[in-house]
Amino acid sequence: MASETGERPFGRFFLPGPTEVHPEVLDAQVRPVVGHRGPATKELLARLQPVLGRLFGTSRPVYLSTSSATGLMEAAVTNLSRRRILCLVCGAFSGRFHDIARLTGRPADRLEAEWGAPNLPERLAERLADDPGRYDLVTVVHSETSTGVLNPVAGLAEVVRDFDGVLLAVDGVSSVAGAPMAFDDWGADFLLTGSQKALALPPGLALGAASERALERAASVPARSYYFDLVDFERRAREHQTPNTPALTLLYALERQLERIVAEGIEARFERHEAMARRTHAWTEAAAGRTGEPFEVLAPPGYRSPTVTAIRLPERLRGPDVVAGLREHGWVIGAGYGKLKPSTIRVGHMGDHTPDQLEELLGVLDRVLQETLAA
Ligand SMILES: *Cc1c(COP(=O)(O)O)cnc(C)c1O
């Protein structure tokens, strides 16, 4: 039996965040705490930058924020708009941008796709063309962790670039380090992620990059937040510093994890994620074939995240029962999120999981489904 407190064997924790942290990465945190303005920390922060730049697809500095990812979502909302924000919504996390705008007093609208469908460039183009000048910031979630949808960020960015003065903020929380990012080539203006998803680090860090345009905008917003002031993040990052005291031990873990990522090969890491996603899709189809029940991947082909798959269950099955069944065998997957809780399950195949571990998980899932369908 698995326990919540860590007696579970490594490799059985397929939650779509937080993800399982490799023991080597956990151990890397056990080092002395030093002053964060001293040379050792500066050197550490400088060493992290080249690999972070590759993971973000940028030559801009990558900021390190001691917060969860939502902190940098809030930074995007409070730093990057002076007028009105258009939030592309297709699930729970993309909806969060709109919630943040509401609670920080920023005018914002939602452009909704159905949960399980992507936000499409054509619809964004229509909306922006409808009233050019209405919006100055578009927010999008790249990999919508609640539904397993991968949004077409390159196409969305192309649309945004056609409208002067409109910036694009991208939430890459469950895609950075699990899928290729091309921040500079997309021409995006902000990209953020968190430590506990595809980076497979302990929770508590957020990472972000901003374009020159984004920084100009931020500098022009008087009440842009103190803790999440992107202008200050930029200024500090240029000196290999952070605005305030960083979670230093998490930076030790980050350094170790980046070494492990380079050792595997960044491309190889992305391919491993793709392979695990494809295997999960194939398993879903096979489950439908074998049982005659309508199991299906929620996201349509072409828009499926390489890091998380939401599987729609036949009506006879309830998501929470399947999750509980797996738990009894010592395995953890994600329940459906929000309104999808009863009807879906989510497999987080991100971080340091291997195709072999996934294979084992799917075998146990087969057994659980047999037991549950027979009951
Ligand atoms: C998990 C997640 C978040 C929230 O991250 P926190 O670190 O919990 O603040 C935001 N967006 C996406 C896409 C996520 O998967």
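Here the structure is a predicted model, which means the values were calculated and not measured.

Examining the overall build of the protein chain
So, step 1. Within the protein chain, the regular secondary structure consists of 13 helices and 14 strands.
So, step 2. Along the first, second and third principal axes, the C-alpha atoms of the protein chain reach 65 × 55 × 35 Å.
So, step 3. Counting the 375 residues in the protein chain, one finds 58% classified as buried.
So, step 4. Counting contacts in the protein chain only where the partners sit at least 6 residues apart, residues at least 24 apart contribute 72% of the total.
So, step 5. Summing over all exposed atoms, the protein chain offers an accessible surface of approximately 15,000 Å²; the carbon and sulfur share of this is 52%.
So, step 6. Charge centroids of the protein chain, computed over 42 positive and 48 negative side chains, lie 4 Å from each other.

Considerations on the domain arrangement of the protein chain
So, step 1. Domains assigned within the protein chain are domain 1 (23-262) and domain 2 (266-374).
So, step 2. Listed per partner, the contact involves 30 residues of domain 1 and 21 residues of domain 2.
So, step 3. When domain 1 packs against domain 2, close to 2,200 Å² is buried across both sides, 65% of that on carbon and sulfur atoms.
So, step 4. Our count for the domain 1 to domain 2 interface comes out at one salt bridge.
So, step 5. Among the salt bridges present, the one from Asp352 reaches Arg260, with a minimum N-O distance of 2.8 Å.

Observations concerning the packing of helix H10 (residues 248-264) against helix H11 (residues 266-291)
So, step 1. The N-to-C vectors of H10 and H11 enclose an angle of 85 degrees; their axes lie 5 Å apart at closest approach. Comparing the axis directions of H10 and H11 gives the class roughly perpendicular. Touching Gln257, Ile261 and Glu264 of H10 are Ile266, Ala268, Arg269 and Arg272, all from H11.
So, step 2. Partitioned by chemical class, the residues of the contact of H10 with H11 number three nonpolar, one polar and three charged.

As for the packing of aromatic side chains
So, step 1. Here the structure, examined in full by the defined rule, presents five aromatic pairs.
So, step 2. The aromatic ring of Tyr252 is capped on one face by Arg31, whose charged end is 3.9 Å from the ring centroid.
So, step 3. Its guanidinium or amino end placed over the ring of Phe93, Lys197 lies 5.1 Å from that ring's centre, counting from NZ or CZ.

Examining the side chain of Ser211
So, step 1. Relative to the helices and strands, Ser211 resides in the loop between strand E10 (206-210) and helix H8 (212-219).
So, step 2. At 2.7 Å, the side chain of Ser211 and the side chain of Asp189 are in polar contact.
So, step 3. Contacts of Ser211, omitting those with residues within four sequence positions, involve Arg60, Phe183, Ala188 and Asp189.

A look at the site of the ligand
So, step 1. In the vicinity of the ligand lie 13 residues, with Ser68, Thr70, Thr145, Asp171 and Lys197 positioned nearest.
So, step 2. The contact in question runs from an oxygen atom of the ligand to an N or O atom on the side chain of Ser68, over 2.5 Å.
So, step 3. Between an oxygen atom of the ligand and a side-chain N or O atom of Thr70, the distance comes to 2.4 Å.
So, step 4. Its free accessible area being 380 Å², the ligand has 91% of it covered by the protein chains.
So, step 5. Those elements that place two or more of their residues in the shell around the ligand are helix H3 (69-79) and helix H4 (92-103).
So, step 6. The element best represented in the shell around the ligand is H3, accounting for three residues.
So, step 7. Residues belonging to the shell around the ligand are distributed by class as follows: five nonpolar, five polar and three charged.

Quick word on a negative patch on the surface
So, step 1. A grouping of Glu122, Glu126, Asp130 and Asp131 is seen on the molecular surface, where their side chains present a negatively charged patch.
So, step 2. With respect to the helices and strands, Asp131 occurs in the loop between helix H5 (121-130) and strand E5 (137-141).
So, step 3. A residue is classified by how much of its surface remains accessible, and Asp131, at 36% relative accessible area, is partly exposed.

Looking at the environment of Asp130
So, step 1. Locating Asp130 in the fold gives a position in helix H5.
So, step 2. With relative accessibility at 64%, the residue Asp130 sits in the exposed group.
So, step 3. For the pair Asp130 and Glu274, spaced 144 residues apart in the sequence, the C-alpha separation amounts to 37 Å.

With respect to the sheet that holds strand E1 (residues 13-14)
So, step 1. Spatially, the five strands line up as an open sheet ordered E1-E13-E14-E12-E11, and their pairing is mixed. Looking at the sheet topology across the chains shown, the edges are occupied by E1 and strand E11 (296-297).
So, step 2. Alignment of strand E12 (residues 308-312) against strand E14 (residues 344-348), held across five bridges, turns out to be antiparallel. Paired with Thr309 across the strands is Val347, a residue of E14.
So, step 3. Those strands touched by H11 are E11, E12 and E14, and its axis lies near 10 degrees from that of E12.

Let's talk about the packing of H11 against helix H13 (residues 355-374)
So, step 1. It is the contact of H11 with H13, at a shortest axis distance of 11 Å, that shows an interaxial angle of 20 degrees. Between H11 and H13, the crossing angle belongs to the class labelled roughly parallel. Judged by the twist between their axes, the crossing of H11 over H13 is right-handed. Along the contact surface, H11 presents Arg272, Met276, Arg279, Thr280, Trp283, Arg290 and Thr291, while H13 presents Pro355, Leu358, Glu359, Leu362, Leu365, Asp366, Leu369 and Leu373.
So, step 2. Residues belonging to the contact of H11 with H13 are distributed by class as follows: eight nonpolar, two polar and five charged.

The rules behind each value
Think of each chain on its own: its residues are numbered from 1, step by step along the sequence as written. Per-residue local features are limited, in this predicted model, to residues with pLDDT of at least 70; the limit for side-chain atom pairs, both in listing and counting, is 80 or more; totals at the level of whole chains, interfaces and linings are taken over all residues. Excluding hydrogens and water, the side-chain values take into account all heavy atoms of the structure. Numbered from the N terminus, helices here are DSSP runs of H or I no shorter than four residues, and strands are runs of E no shorter than two. Only protein chains enter the accessibility calculation, which uses a 1.4 Å probe. A residue is then buried if its area is under 20% of the maximum for its type, exposed if over 50%, and partly exposed in between. By definition in these notes, contact holds between two residues if any of their heavy atoms fall within 4.5 Å. Note that accessible areas follow from Shrake-Rupley with a 1.4 Å probe, and for residues the cover is restricted to the protein chains shown. Working convention for charge: Lys and Arg count positive, Asp and Glu count negative, and His plus the chain ends are omitted. Charged groups are reduced to one reference atom each: NZ for lysine, CZ for arginine, CG for aspartic acid, CD for glutamic acid. Residue ranges assigned to each domain were obtained from an automatic or database domain assignment. Here the quantity called buried area is the total loss of accessible area, with a 1.4 Å probe, experienced by two parts when brought into contact, counted for both. Only one rule defines a salt bridge in this text: a Lys or Arg side-chain nitrogen within 4 Å of an Asp or Glu carboxyl oxygen. Helix axes use the C-alpha atoms of the stretch in contact, all axes being lines fitted to C-alpha atoms, and the angles between their N-to-C directions lie in the range 0 to 180 degrees. Roughly parallel here means an angle under 35 degrees, roughly antiparallel means over 145, roughly perpendicular means 65 to 115, and every remaining angle is called oblique. Each residue gets one label: Ala, Val, Leu, Ile, Met, Phe, Trp, Tyr, Cys and Pro are nonpolar, Asp, Glu, Lys and Arg are charged, and the others, such as Gly, are polar. Two rings from Phe, Tyr or Trp (for Trp, the six-membered ring) form a pair when their centres sit within 6.5 Å of each other. Planes less than 30 degrees apart are called stacked, planes more than 60 degrees apart edge-to-face, and all others tilted. Look at NZ for Lys and CZ for Arg. If either is within 6 Å of the ring centre and within 35 degrees of the ring normal, a charge sits over the ring. Residues adjacent in sequence count toward polar contacts only when both atoms are side-chain atoms; beyond that, a polar contact is any pair of N or O atoms within 3.5 Å, and within protein one must be able to donate a hydrogen and the other to accept it. We call a residue near a given molecule or strand whenever any one of its heavy atoms falls within 4 Å of it. In this scheme, patches are assembled from residues that exceed 30% relative accessible area and form no salt bridge. Like charges are connected within 9 Å, while nonpolar side chains (Val, Leu, Ile, Met, Phe, Trp, Tyr) are connected within 5 Å. Two strands form a pair only when DSSP identifies at least two bridges running between them. In this scheme the crossing of two helices becomes right-handed for a clockwise turn of the near helix relative to the far one and left-handed for an anticlockwise turn of less than a right angle.

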